[in-house]
Amino acid sequence: MKKVFTRPESFNDIPMHYCPGCTHGIIHRLVAETIDELNMVDRAIGVAPVGCSVFIYNYIDCDMYQASHGRAPAVATGVKRVVPDGVVFTYQGDGDMAAIGTAEIVHAAARGENITVIFVNNAVYAMTGGQMAPTTLMGQKTTTTPHGRESDANGYPVKMAEMLSTLDGSSYISRVSVHDPKNINKAKKSIKKAFEVQMENKGFTMVEVLSICPTNWGLSPKESVKWLDENMIPYYPLGEYKVPAEV
Amino acid sequence: MARVTFREERCKGCELCTLVCPKGLITMSEHINSMGFHPATITDMDKCNGCALCARMCPDLVIEVERDEKKVV
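Structure report, in brief. In every chain, residue numbers begin from 1 and rise along the written sequence. Lettering for chains starts from A, numbering for ligands starts from 1, and both go in the order in which the items are written. Where local features are concerned, this predicted model is filtered to residues with pLDDT of at least 70; where side-chain atom pairs are given and counted, the filter is 80 or more; whole-chain, interface and lining totals use all residues. No hydrogens and no water enter the side-chain calculation; it runs on all heavy atoms of the structure.

Considering the overall build of chain B
Now for step 1: Helix and strand labels come from DSSP, where a helix needs a run of H or I of at least four residues and a strand needs a run of E of at least two; each type is numbered from the N terminus. For chain B, the helix and strand inventory stands at 2 helices and 4 strands.
Now for step 2: The helix and strand sequence of chain B, counted from the amino end, reads β-α-β-β-α-β.
Now for step 3: Just to be clear, the radius of gyration here is over C-alpha atoms, and the globule rule we use is 2.2 Å times residues to the power 0.38. Since a compact globule built from 73 residues should have a radius of gyration of about 11 Å, the 13 Å found for chain B is in line with a globular shape.
Now for step 4: Residue exposure (1.4 Å probe, protein chains only): buried if accessible area is under 20% of the type maximum, exposed if over 50%, otherwise partly exposed. For chain B, with 73 residues in total, the buried portion stands at 45%.
Now for step 5: For chain B, the exposed area adds up to about 4100 Å²; of that, 52% sits on carbon and sulfur atoms.
Now for step 6: Lys and Arg are tallied as positive, Asp and Glu as negative. Neither His nor the chain termini are counted. The atom standing in for a charge is NZ when the residue is Lys, CZ when it is Arg, CG when it is Asp and CD when it is Glu. Here chain B contributes 10 positively and 11 negatively charged side chains, and the mean placements of these two sets differ by 7 Å. Accessible areas in this description were obtained via Shrake-Rupley with a 1.4 Å probe; residue shielding takes into account the shown protein chains only.

What follows is the structure, given as C-alpha cells:
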C-alpha cells in the first residue's frame with residue numbers, strides 16, 4: 001500500500017500546543033507541505049508573530065525569526081533585503097497584523113516588498129483571552145464586547161485582503177478558509193501560488209486564512225466550523241483579490 | 001483497500017474528523033488517552049476507501065492514510 005497522507009518532511013514531529021480543534025495546525029501543515037513541494041526548506045526563512053502561533057518556529061523545520069508584536073513584515077523586509085535568494089514569509093494573526101502591526105503591513109505592501117504573508121484571521125485576540133480584535137464581526141461577543149460588537153463604540157471590522165489589494169505594491173492577495181477539506185485544498189493552492197509569485201520576484205503577496213478559535217468563541221470545534229461558514233464568510237468573501245498578470 | 005492509523009496519544013478529541021468522513025466511519029473512543037481526551041478511531045476499516053479527508057482536516061496530524069495504488073488500465 002502507498003501512503004496517501006503523512007506528515008510533511010519539514011514539519012517537526014512534536015505535539016502542538018494549540019487548543020483542541022484549533023486550525024492553526026492545519027495552516028502550519030499547509031505551509032510545510034508547500035515548503036516541501038517547492039523544495040525550498042534550505043531557502044525558506046519564516047518570521048513568527050506574537051500570539052498563539054508564536055511557537056511556529058518549533059514546528060516548521062526551516063530558519064525562523066521571532067519579531068516583536070506586529071513587526072513581522074518589517075523584520076521580513078530586512079531579512080529579504082539581506083538574503084534576496086531566501087524565500088521569506090511571515091505568519092501572523094489578526095491581533096498581530098491587523099491591529100498593532102497595521103503600519104508595518106500596509107507599508108511593506110506599499111513598498112512592494114518581495115515577501116509572503118500568511119495572515120490567520122480568527123476574528124478575536126486569542127492568546128490574551130478572547131478580546132475584541134479589529135476583525136471581530138459586528139455583534140460578536142468577546143470578553144471586551146460582552147454584549148456584542150457595536151458600531152457606536154467599537155467601529156467596524158477591517159477587511160485586510162481588500163485593503164491591501166488596492167495598493168500598487170501588492171502582487172498576489174487572496175482570502176481562503178480552512179473550515180472543510182474542500183477549502184483546505186483551495187487554501188493550499190493559494191499558499192503555494194503566493195510562494196511561487198515571491199520566487200518569481202513579483203512583489204508583495206498575502207494569503208488571508210479564515211480560521212476557527214473554539215476556545216474564545218465559546219463553541220465546540222464542530223460548532224465553530226459551522227459558525228465560520230455562516231458568519232465569517234458572508235462578511236469576508238473568499239477568493240483571489242489580486243493576481244499578477246502572467247500567473 | 002485502505003488503512004487509516006490514528007496516533008491516539010496526539011489526538012485532542014476535537015471531533016473535526018468525524019464531521020468530514022463521507023461515510024461517517026469515525027467515532028470517538030470510550031477510553032481516554034494520556035492527555036485526557038477521547039481519541040478518534042475508525043469503526044469499520046473495510047468500508048474505508050482512503051480518501052484521506054479526515055487526515056486533511058485533522059489539526060494535529062494524528063491520522064495517516066495508506067491505500068492500494070490505482071491500477072493503470
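From this point, things continue past the structure.
With respect to the overall build of chain A
Now for step 1: Per the secondary structure count, chain A includes 10 helices and 8 strands.
Now for step 2: For 247 residues, the compact-globule estimate of 2.2 N^0.38 gives 18 Å, and the C-alpha radius of gyration of chain A, at 17 Å, lies within 12% of that figure.
Now for step 3: Projected onto the principal axes, the alpha-carbon positions of chain A cover approximately 50 × 50 × 30 Å.
Now for step 4: Within the span of chain A, comprising 247 residues, buried residues form 55% of the whole.
Now for step 5: The long-range share in chain A, meaning contacts at least 24 apart out of those at least 6 apart in sequence, stands at 67%.
Now for step 6: Approximately 9800 Å² of chain A is accessible, and the part contributed by carbon and sulfur atoms is 51%.
Now for step 7: If the 23 positive side-chain charges of chain A are averaged to one point and the 26 negative ones to another, these points end up 4 Å apart. Contacts: residue pairs with any heavy atoms within 4.5 Å of one another.

Points about the sheet that holds strand S1 (residues 2-6) of chain B
Now for step 1: Any two strands with at least two DSSP bridges between them are considered paired. Strands sit in the order S1(A)-S4(B)-S1(B) across an open sheet of 3 strands; the sheet is antiparallel. Of all the strands in the sheet, just strand S1 (2-5) of chain A together with S1 of chain B have a single pairing partner and so form its edges. Pairwise comparison of adjacent strand axes, ignoring direction, gives a mean angle of 30° for this sheet.
Now for step 2: As paired strands, S1 of chain B and strand S4 (residues 63-67) of chain B are joined by 5 bridges and run antiparallel to one another. Working convention: axes come from line fits to C-alpha atoms, limited for helices to the stretch in contact. Angles between N-to-C directions cover 0 to 180 degrees.

Some remarks on the interface of chain A and chain B
It is common to report an interface's size as the accessible area lost on association of the parts.
Now for step 1: On the side of chain B, 30 residues touch chain A, which itself brings 31 residues to the contact.
Now for step 2: When chain A packs against chain B, the two sides together hide about 2600 Å² of surface, and 63% of this comes from carbon and sulfur.
Now for step 3: Note on terms: buried area is the combined drop in 1.4 Å-probe accessible area of two parts once they are placed together, counting the loss on both. The largest contributions to the chain A side of the interface with chain B come from Met 1, Phe 5 and Lys 222 of chain A, which together make up 28% of the buried area.
Now for step 4: The salt bridge criterion pairs a side-chain nitrogen of Lys or Arg with a carboxyl oxygen of Asp or Glu, the two atoms within 4 Å. At the junction of chain A and chain B, the tally comes to 4 salt bridges.
Now for step 5: The definition of a polar contact used here is a pair of N or O atoms within 3.5 Å, where within protein one atom must be able to donate a hydrogen and the other to accept one, and adjacent residues in sequence count solely through side-chain atom pairs. Across the chain A-chain B interface, the total number found is 11 residue pairs in polar contact (both at pLDDT 80 or more).

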